[in-house]
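Residue-level listing of the chains:
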Amino acid sequence: MRFIRPVLIFLLSVLLLVLVTGLVYEQVSRLNARKLYAANQTFADVGGYKLHYKATGTGKPLVVFESGLDAGGSLCWYKVQPEIARFASTFTYDRAGTLLSDNSPNPKTGYQMAVDLHTLLKNTGYPGPYILVGHSMAGIILRSFVQKYPDEVAGVVFVDASHPLQVKRFAKFPALGITSPPKWLVRLQCDFGFTRLFYHEDYPSTKPTDSVNVIDNAFMPVAMPAVIDEINSFSPMADSAATMKKFGNIPLIVLTGTAKKRETEFTDAKTGKEFMKIWMELQNDHLSLSTNSKHILAPKSGHYIQIDQPELVIDAVCQLVNKPKP
């Protein structure tokens, strides 16, 4: 028994050393990431916190990109923004708390995200009209934007966009649910360096050494708490967006990834088939938002069409801008 106390003291000392080392490692890594990637970037205040944005190209209407539920924020548009900037003005940004943007004290709602984006556009001198291009969860967010600022929207492109009814439609399939670990646990893992050491994420059709993945993973420990907040807010956001049913005659193009991998990424084949069946029904339902809508399938793409087949997103924007493809 006399050996128990020294052993416990030793183990606690080791644990404390590991935690202190991890905390220092994480803070130094965050400082280095800001030094490497935040230099010469553009930021604007939207009400007590700053959002990171990138504007390129010239002309009107302005093409504005809204990202999905993604710690990498605007990184996912790296293949399409430079090409579209050859024939139009483009604007990407990181939502509050993701990548380079400050977090916000405001609740994570579609309405607040729409207000943040609109405020950012106004404060940086970019009035409408806008062509909105939204991926994944942006299908929920952009409904709020169109409802609040309809006269400033010249067109919408949904890129494998989420649907307000998907939570209810997927409810009987546990593998299709959106769940998250407790926020306190995620913050603990992030603050003490465990996320940076042991968790890495790569965009599809990319290599781990590609710059988008390097930057994404460099800021992931900072962004994850905000991502958890967005995950936890997804269901009420979807319920709210379900009441926003019409875009009028605003042009709408719906892009849907239909590659076979979308079914096979599930371990259970039946779940994969049910997912695609429901997903296609919801994607087709997007079309009812506008009296001027069309549906384009992306047979070589999964969820990230803008990375798997960026030319389809570029072409869709070309159609709405009424410009020939570059």
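Structural notes, computed from the coordinates. Remember, predicted model here, so these are calculated numbers, not experimental data.

Among the surface-exposed residues, Val14, Val18, Tyr25, Phe194, Leu197 and Phe198 lie close enough to one another that they form a single nonpolar patch of about 550 Å² accessible area. When contributions to the nonpolar patch are tallied by element, the ones reaching two or more residues are helix 1 (4-37) and helix 7 (194-198). Within the element layout of this structure, Phe194 appears in helix 7.

As a further point, take helix 3 (residues 110-123). Under the 1.5 Å per step criterion, the end-to-end length of helix 3 is 20 Å for 14 residues, consistent within 8% with the ideal 20 Å. Most of helix 3 is tucked away, with 10 of its 14 residues classed as buried. Backbone geometry just downstream of helix 3 places Gly125 in the positive-phi region, at approximately 80°.

The subject of this paragraph is the nonpolar core. In a soluble, globular protein the nonpolar side chains are often hidden away together inside. Among the nonpolar cores identified, the biggest contains 37 residues, and Val63, Ile84, Val133 and Leu255 are the most heavily contacted of them. For this core, the secondary-structure elements that each account for two or more residues are strand 3 (62-66), strand 5 (130-135), strand 6 (153-159), helix 8 (211-241), strand 7 (252-257), strand 8 (293-298), helix 11 (305-308) and helix 12 (310-321). In terms of residue count, the dominant contributor to this core is helix 12 (eight residues). Counting residues in hydrophobic clusters, the runner-up holds 31 residues, among them Leu132, Val146, Tyr149 and Val254.

Turning next to unusual backbone geometry. Looking along the chain, the bond that leaves Lys60 and enters Pro61 is cis, with omega of 0°. Residue position: Pro61 is located in the loop between strand 2 (50-56) and strand 3. Cis geometry marks the peptide bond from Gly128 to Pro129; its omega dihedral reads 10°. You can see Pro129 is positioned in the loop between helix 3 and strand 5. Located in the positive-phi region is Leu99, a residue other than glycine, with phi close to 50°. With respect to the helices and strands, Leu99 occurs in the loop between strand 4 (89-93) and helix 3. Residue classification places Leu99 among the buried residues on the basis of a relative accessible area of 5%. One non-glycine residue with positive phi stands out, namely Asp160, at about 45°. Along the chain, the position of Asp160 falls in the loop between strand 6 and helix 5 (166-170).

This part covers the pattern of salt bridges. Where charged atoms from two side chains of opposite charge approach closely, those side chains can pair. This structure, assessed with the given rule, holds 15 salt bridges. Where Lys183 meets Asp229, a salt bridge forms, and the shortest distance between an N and an O atom there is 2.9 Å. Of the two residues, Lys183 is situated in helix 6 (residues 183-191) and Asp229 in helix 8; the sequence distance between them amounts to 46 residues. Lys183 sits in the partly exposed class, given a relative accessible area of 30%. Through salt bridges that share partners, Glu26, Arg30, Asp191 and Arg196 make up one connected network.

Rules behind the numbers
Residues numbered from 1 in each chain as written. Predicted model: local features only at pLDDT ≥ 70, side-chain atom pairs only at ≥ 80, totals over all residues. Heavy atoms only, no water. Patch = residues over 30% accessible without salt bridge, like charges linked within 9 Å, V, L, I, M, F, W, Y side chains within 5 Å. Areas by Shrake-Rupley, 256 points an atom, 1.4 Å probe, with all protein chains shown as cover. Salt bridge = Lys/Arg side-chain N within 4 Å of Asp/Glu carboxyl O. Helix = DSSP H or I, 4+ residues; strand = E, 2+ residues; numbered from the N terminus. Expected span 1.5 Å × (residues − 1). Buried < 20%, exposed > 50% of the residue type's maximum accessible area, 1.4 Å probe, protein only. Core = buried A, V, L, I, M, F, W, Y, C linked by side-chain atoms within 4.5 Å.

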